[in-house]
Amino acid sequence: MGFIVVDGCNPNGDPSNGNLPRITYDGHGEISSVSIKRKIRDTLYFMGCDIFVCSELSSDGCSTQKERADKIEARSPGEFRDLACKKWIDTRLFGQVLPIPKKLRKDAYADTVSIGIRGPVTISQAVSIDPVISELQWITRAEGLLPPEGGKLKSPTTFGRKNFIRKSAYVFTGGVSPQLASLTGASDDDIIDFRDALLKMYEYTPSSSRPDGTIFLHRLLWWEMEGNSSPAKIIQSVRIEPSEQWPYYKVAVEKINNAKMEEFV
């Protein structure tokens, strides 16, 4: 379980709503699970890991995932799947729909263009503990435009806007399935790298809408379960209350048998 502190930024814009901060119908802020995984992937890249779903950080010369997949030298779709899991940590952790190279589509795979891999790591969307308000800040941009032939240089002022959330805390949950980890080959070291990337996931991905220091993972509660511990029971053992003081939340954790907890702040 992770707690993200937001103070003066747009934690996750909604492209279908003018890139405004995502807000649920009941007024709570939201960060999609896809956004969180993107930050984790980028952080893993900066940690020196190979990732399949790259953004502009790609350093292998491939501009698409298909190009990246076509570089795998395999003799069958099954071997292709195993080599992909071995090469890319995000495929081992999150799973992936991989485009099968055309040369491997034979017999049973003749009409199949992709192969699915279920990953062991699941992450929920992050939802704010309190309702949030999207604040608006108007900005101006002045730039000179090339004049028409024989005309004078024009310097118009263009108005724009930036929306942000001030003073809020978001919480998300997730887990790792040992059974699925054994199928993708995700090792204990991979899980530790994933945990480290969680802790640093906003350190390597600043932007104009998320300047450095305005959003970060403040606390991570990390359980290792033994025996028949229930993930739902573990989540229900956490009591969260909003707070007006930084970091804008209070948390209390009840001890659960057969579950060892570590806390990273």
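Scope of this entry: the structure provided in the associated data block. The model shown is predicted, which means the values in this text are computed figures rather than measured ones.

Re the overall build of the protein
Here comes step 1: Along its length, the protein carries seven helices and 16 strands.
Here comes step 2: Principal-axis analysis of the C-alpha atoms places the extent of the protein at approximately 65 × 55 × 35 Å.
Here comes step 3: Here the protein, with 265 residues, has 40% of them falling under the buried criterion.
Here comes step 4: Put simply, of all contacts in the protein between residues at least 6 apart along the chain, 68% involve residues at least 24 apart.
Here comes step 5: A total of about 15,400 Å² of accessible surface is found on the protein, and carbon and sulfur atoms cover 49% of it.

Some details on helix α1 (residues 33-46)
Here comes step 1: The terminal C-alpha atoms of α1, which comprises 14 residues, lie 20 Å apart, in line with the 20 Å expected from a rise of 1.5 Å per residue.
Here comes step 2: Residue G48 follows α1 closely and has a positive phi angle near 100 degrees.

Notes on the pairing of strand β8 (residues 126-131)
Here comes step 1: In the sheet, strand β4 (residues 28-31) pairs with β8 via three bridges, with the strands oriented antiparallel. Among the inter-strand pairings, I31 is bridged to a residue of β8, identified as A126.
Here comes step 2: Pairing of β8 with strand β11 (residues 168-172), which is carried by two bridges, proceeds in the antiparallel orientation. Directly across from S128, in β11, lies its bridge partner Y170.

Some remarks on the sheet that holds β11
Here comes step 1: Strand order in the open sheet made by the six strands is β4-β8-β11-β1-β13-β16, with antiparallel pairing throughout. Each edge of the sheet is formed by a strand with only one pairing partner; in this case those strands are β4 and β16 (259-264). Ignoring strand direction, the axes of neighbouring strands in this sheet form an average angle of 20 degrees.
Here comes step 2: Each of β11, β13 (215-225) and β16 touches helix α6 (residues 188-200); the most contacted strand, β13, lies at about 150 degrees to it.

With respect to helix α3 (residues 77-87)
Here comes step 1: Taken together, the buried positions of α3 are occupied by P77, F80, R81, A84 and C85. Along the axis of α3, the buried residues cluster in a sector spanning 130 degrees; they form a single face.
Here comes step 2: Summarising the contacts, the buried residues of α3 are in contact with α2 (65-70), α4 (89-94), β5 (95-99), β6 (114-118) and α5 (178-184).

Quick notes on the layout of surface pockets
Picture a little ball the size of a water molecule; that probe, rolled over the atoms, points out where space is still empty.
Here comes step 1: Put simply, the largest pocket is a space of about 920 Å³.
Here comes step 2: G175, V176, W222, W223 and M225 are the residues nearest the centre of the largest pocket, which is lined by 33 residues in total.
Here comes step 3: Mapped onto the lining of the largest pocket, the elements with two or more residues apiece are β7 (121-123), β12 (174-176), α5, α6, β13 and α7 (231-236).
Here comes step 4: Sort the elements by how many residues they give to the lining of the largest pocket and β13 lands first, with six residues.

Calculation criteria
Residues numbered from 1 in each chain as written. Predicted model: local features only at pLDDT ≥ 70, side-chain atom pairs only at ≥ 80, totals over all residues. Heavy atoms only, no water. Helix = DSSP H or I, 4+ residues; strand = E, 2+ residues; numbered from the N terminus. Buried < 20%, exposed > 50% of the residue type's maximum accessible area, 1.4 Å probe, protein only. Contact = heavy atoms within 4.5 Å. Areas by Shrake-Rupley, 256 points an atom, 1.4 Å probe, with all protein chains shown as cover. Expected span 1.5 Å × (residues − 1). Pairing = 2+ DSSP bridges. Axes fitted to C-alpha atoms, helices over the stretch in contact; angles between N-to-C directions. Arc of directions from axis to C-beta. 1 Å grid on protein atoms, 1.4 Å probe; cavity = no way out; pocket = protein on both sides within 12 Å on 5 of 7 lines; lining within 4 Å. Points joined across faces, edges and corners; volume = space filled by probe spheres on them.

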